[in-house]
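These are the residues of each chain, in order.
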Amino acid sequence: MKSKLKLLFPIAFLFLASGCWDKVELESRGFVVSLGIDLGGGESPFRYSVSASLPSVNGMRDEASNDSSKTVKKADGPDISSALSLMGMSSSQKLYLGQARLVIFGAELLGDEERFKEAIDACERNHEIGRKIFVLSTKGKASDILEADIGEEPSAGIYIENYYRNASSSGTLKSHQGLSNIISDLRSGGNTLIPEVELKYTQGGDAYLELGGCAAVKGFKLAGFLDSKQTRGFEWVMGDARGAEVSVPFESGNEPLSVSSGRSKIRFQEIGGNLECNVDVKVRGSIAESGFSEESLYDASALSKRSVKYEEAIKQEILDCAKLLQEDFGADAYGFLDMLRKRSYSAYKRVEGEWEENFKKMKIIPNVTVDIISAGAIK
Amino acid sequence: MFSMNNKISVRQLQILLIIDIFGTGVIILPRRAVEFAGQDGWIIVAILACLATGSAYLMSSVGRLFPSESFVRTASKLLSKPAGKALGLIFAAKLILNCALEIRMFGEIIRQTMLPNTPLAVVAGAAISISAYAASKGYEARARIAQIIFPIIFIPLIIVFILALRQIDMTNLLPVFVAKPADIFRGTLRMGSAFSCMELILIAHPFFANPEKARKGASSAILLVGALMLFITIITIAKFGPFDVSRQLWPVLEMMDMVEMPGSFIERQDALMLSFWILSNFAITNSCLFFSSILLKDVIEKGRHLPYICVSALITAAIALMITNAEQVYPIIDFLFLTLGLGFMVVLPILLLVVARIRKKGVIYEKQT
């Protein structure tokens, strides 16, 4: 009898240990891969329009199925969690955001300070959405990106994740793509850059996604967009331009430099009461093409001439981006104020009150050094 | 090594102490540190580690007065029998409350991260029942279990934290030493609860095989836990920055989820990391139930500790389920530390040592006379 009683306990615990209150069968769960958040509008009385892209059940069961491999669900709501709940009501599956790879914000939403704050807060508070999720912006509607029928890349979320993992190049803000980075930036000053994705069409009318450039957010509101080259100007300053291809015209045509490392050091100094920011950028790279020229690239003077050209090109990219962020947008997306707080607390205390003005007036001086480590392998 | 004499070695004592203190409090430690002193929050943890080591030294010194006697009997010999029994009862109540709060926090973390629909009663009931069963097997069994689970808890955690070092920005700790001394002081007082359960050193002395080595062993174990807490606080602040850490509910869990593990195929990394913490939580619950039952047995002076474990477990479950809002837990933990915690960790050991010296009681003083 005693041994039977002893057996009863572990059996009873088996029922508790399975956590069966939370059991969801795989086929009953709708795995959201990408999420799009737009401003509600048009005929909708609601403030938000939320779209979610899920792999379709037929697509999961049979890859050779003729059915589309994804399903896009849309719902409007007064807030994002209500919209998600409404979306869940239109599905027999339980929507699950724990596998979501991507959230896209439409331009209209980014342009509305309050709504954008609410959207970021909703993403941060939703315990299913991880801080590693990629965040992108688009000039149009986020739902258009999710709904687009892109043959080779059925899911925007998986495309973006694979792109950043396998093929990310400069101009796509490698270091800023996660929700965690964007939240950190916004918390420390309300400014950030969000990588941009656009839906494009080939001449044959086929849709494709293009990643490049970014949206500049100032004070939790869209200030404008940077193109890929301007975005690279930002990446040089942040020391994050590895993989960049800097193409400069030379005697025998364009000669691209493949950047293998690009480090930067930022120093602040006050001269005559004005703040100056020195950006020391050290770039290492290889010449990828040289126009089949007669000139030997193994000669030190030939390399030195090219280094100067590359240095000028990189300086110009840094200055173009700085001009846009300082003069046109007035958005300290670099986080210079936060850097100043860390490195020169007394100077930070002096300028923090009127930072916007000080940022606009601050002289950004790029000092670029290019070290050509290889002139390419000639077979 | 495998004798069943209910005695533990110094190494086992160190392992038990490390596991007992390394509870769910550590998960919120960086947030609380940043709330008081911004990026200088790590200074509070460093000060706390030093103070806790000093406190461990004091408590082990009390144990050396009567190495084979229980806490209640030691206090009775030095103060008086009613005082000793009253202290034993208060100590047991504190441990039960500590245990209930730990279980409540544990239940909340499990609900929010893994089992959102499972009732707290099931999670808490399972944790308390298993811990009570382990506690019923005695102190030596606990020590052996701790020896097994110690590497299971700490090796993965240390690997994750080392990997995190590659992905942090140490400039997030700058500028240093700008927090006001008053804020540091306030933080030190309020955050001392991170070292709750350390007072178990006072009660554990009769179970030591080498009581003369226990003081050094206990102090070094507490210093090691303090260093680990300091390391975790620094890398969490360096990872997210003070503004972001102060907003996160469980920054250490977030940090562990953010760490890119090379070749990892696990989607819910936070859940995996949390499972190691769950082991630590079981150890704490088990400790509190075991020692509260020992104290109750010593106060009542009747029977074995087994029935008292059942009483402690039932009270613990009732209190844990009575706390409806998990956010209520932190103020209670703070209050408990500022009153009974400081009392048992600092005031009482000093009082007992002073009384022993004046009254020339205890092994050391009796030898001298």
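Residues numbered from 1 in each chain as written. Chains lettered and ligands numbered in written order. Predicted model: local features only at pLDDT ≥ 70, side-chain atom pairs only at ≥ 80, totals over all residues. Heavy atoms only, no water.

Residue and element names in this part refer to chain B. Counted according to the given criterion, the structure contains 36 salt bridges over all chains. With a shortest N-O distance of 3.3 Å, arginine 104 and glutamate 108 are connected by a salt bridge. Note that arginine 104 and glutamate 108 are positioned in helix 5 (residues 81-113) at a spacing of four residues, about one turn of the helix. Per residue, the accessibility class of arginine 104 equals that of glutamate 108, and both read buried. Taking the shortest distance from any N to any O, the salt bridge between arginine 144 and glutamate 140 comes out at 2.9 Å. Highlighted residues: arginine 144 and glutamate 140, both in helix 7 (residues 139-164), separated by four residues, approximately one helical turn. (Salt bridge = Lys/Arg side-chain N within 4 Å of Asp/Glu carboxyl O. Helix = DSSP H or I, 4+ residues; strand = E, 2+ residues; numbered from the N terminus. Buried < 20%, exposed > 50% of the residue type's maximum accessible area, 1.4 Å probe, protein only.)

This brings us to the nonpolar core. Ranked by internal contacts, the top residues of the largest apolar core, which has 128 residues, are Phe71(B) and Phe195(B). Element by element, the count of residues in this core is highest for helix 13 (residues 269-300) of chain B, at 15 residues. Counting 49 residues, the second largest nonpolar core, distinct from the first, contains Leu193(A), Val237(A), Val283(A) and Ile364(A). (Core = buried A, V, L, I, M, F, W, Y, C linked by side-chain atoms within 4.5 Å.)

Let us now look at the packing of helix 2 (residues 25-37) of chain B against helix 12 (residues 251-258) of chain B. All names here are of chain B. Running from amino to carboxyl end, helix 2 crosses helix 12 at an angle of 100 degrees, the nearest separation of the two axes being 6 Å. Taken as axis vectors, helix 2 and helix 12 run roughly perpendicular relative to one another. For the pair helix 2 and helix 12, the contacting residues are Val26, Ile27, Ile28, Pro30 and Arg31 in the first and Pro251, Val252 and Leu253 in the second. (Axes fitted to C-alpha atoms, helices over the stretch in contact; angles between N-to-C directions. Parallel < 35°, antiparallel > 145°, perpendicular 65-115°, else oblique. Contact = heavy atoms within 4.5 Å.)

Before going further, it helps to examine the sheet that holds strand 12 (residues 253-271) of chain A. Residues and elements named next belong to chain A. Within the open sheet, the four strands sit side by side as 11-12-13-14. Their pairing is mixed. Two strands bound the open sheet, and with one partner strand each, they are strand 11 (245-250) and strand 14 (363-374). Strand-to-strand, the axes of this sheet are offset by a mean angle of 35 degrees, without reference to chain direction. Taken together, the 14 bridges between strand 12 and strand 13 (residues 274-287) define a ladder with antiparallel strand orientation. In the strand pairing of strand 13, arginine 263 is matched with lysine 282. Running over the sheet, helix 10 (residues 300-329) touches strand 11, strand 12, strand 13 and strand 14 and is turned about 145 degrees from strand 14. With respect to the sheet, helix 11 (residues 336-343) is in contact with strand 12, strand 13 and strand 14, its orientation differing from that of strand 12 by roughly 55 degrees. (Pairing = 2+ DSSP bridges.)

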